[in-house]
Amino acid sequence: MIPLRCTGAEPENTSCDKLSILNTGIQESQLELVFYYSDRGPIRPYRLKVPAQRIFAFRINDLIDPQAVPLKTDYALVLTASRPVFVQFTRKDIS
């Protein structure tokens, strides 16, 4: 759950969930994320790309297409990738 409120200046002190995706392969990997909620149907698909032999880090708060990920709402997500990738999840909670 991404908190609704936070303290401090934005954006550096905004609460967020973040994914860092590492593609060690020699080809680009295309990602698809599907978000699931306890109080509504899934939101799909969020499509992203990770270039070959690169890392791509992004805030889940910044995902807006097909719609913004709601704040203060429990969620789970499924990530599928066209090529093998490594995924790291982090949370910054400034509440």
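Summarised in this report is the structure supplied together with it. Computed from a predicted model, the values in this text were never measured in an experiment.

1. A closer look at the overall build of the protein chain
Part 1 of the reasoning: Across its full length, the protein chain carries 0 helices and 6 strands.
Part 2 of the reasoning: Starting at the N terminus and ending at the C terminus, the protein chain contains elements arranged as β-β-β-β-β-β.
Part 3 of the reasoning: With 95 residues in all, the protein chain has 31% of them scored as buried.
Part 4 of the reasoning: For the protein chain, the share of sequence-separated contacts (at least 6 apart) that also reach a separation of at least 24 residues comes to 68%.
Part 5 of the reasoning: Within the structure as shown, the protein chain displays about 6100 Å² of accessible surface, and the carbon and sulfur contribution to it stands at 51%.

2. A word on the sheet that holds strand β3 (residues 43-50)
Part 1 of the reasoning: Pairing is antiparallel across the open sheet formed by 3 strands, whose spatial order is β3-β2-β5. Taken across any chain shown, the strands that pair with only one partner, and hence form the sheet edges, are β3 and β5 (75-81). Sheet twist, expressed as the mean angle between neighbouring strand axes with direction ignored, is 25°.
Part 2 of the reasoning: Direction of pairing for strand β2 (residues 29-37) relative to β5: antiparallel, over a ladder of 7 bridges. Across the sheet, residue Val34 finds its bridge partner in β5, namely Val78.

3. Focus: unusual backbone geometry
Part 1 of the reasoning: In the segment running from Asp65 into Pro66, the intervening peptide bond is cis, with an omega of 25°.
Part 2 of the reasoning: Within the secondary structure, Pro66 sits in the loop between β4 (54-59) and β5.
Part 3 of the reasoning: Even without being a glycine, Gln53 presents a positive backbone phi close to 55°.

4. Regarding the packing of aromatic side chains
Part 1 of the reasoning: Applying the stated criterion to the full structure yields 3 aromatic pairs.
Part 2 of the reasoning: Both rings, one in Phe35 and one in Tyr46, keep their centres 5.2 Å apart while their planes meet at 75°; by these two values the pair is edge-to-face. Of the two residues, Phe35 is situated in strand β2 and Tyr46 in strand β3; the sequence distance between them amounts to 11 residues. Across the pair, exposure class does not vary: Phe35 and Tyr46 are buried alike.
Part 3 of the reasoning: Among the aromatic side chains, those forming a connected cluster through ring pairs are Phe35, Tyr46 and Tyr75.
Part 4 of the reasoning: The ring centre of Tyr37 lies 5.3 Å from the NZ or CZ of Arg40, which sits over that ring.

Rules behind the numbers
- Residues numbered from 1 in each chain as written.
- Predicted model: local features only at pLDDT ≥ 70, side-chain atom pairs only at ≥ 80, totals over all residues.
- Heavy atoms only, no water.
- Helix = DSSP H or I, 4+ residues; strand = E, 2+ residues; numbered from the N terminus.
- Buried < 20%, exposed > 50% of the residue type's maximum accessible area, 1.4 Å probe, protein only.
- Contact = heavy atoms within 4.5 Å.
- Areas by Shrake-Rupley, 256 points an atom, 1.4 Å probe, with all protein chains shown as cover.
- Pairing = 2+ DSSP bridges.
- Axes fitted to C-alpha atoms, helices over the stretch in contact; angles between N-to-C directions.
- Phe/Tyr/Trp six-rings, centres within 6.5 Å; stacked < 30°, edge-to-face > 60°.
- Lys NZ or Arg CZ within 6 Å of the ring centre and 35° of its normal.

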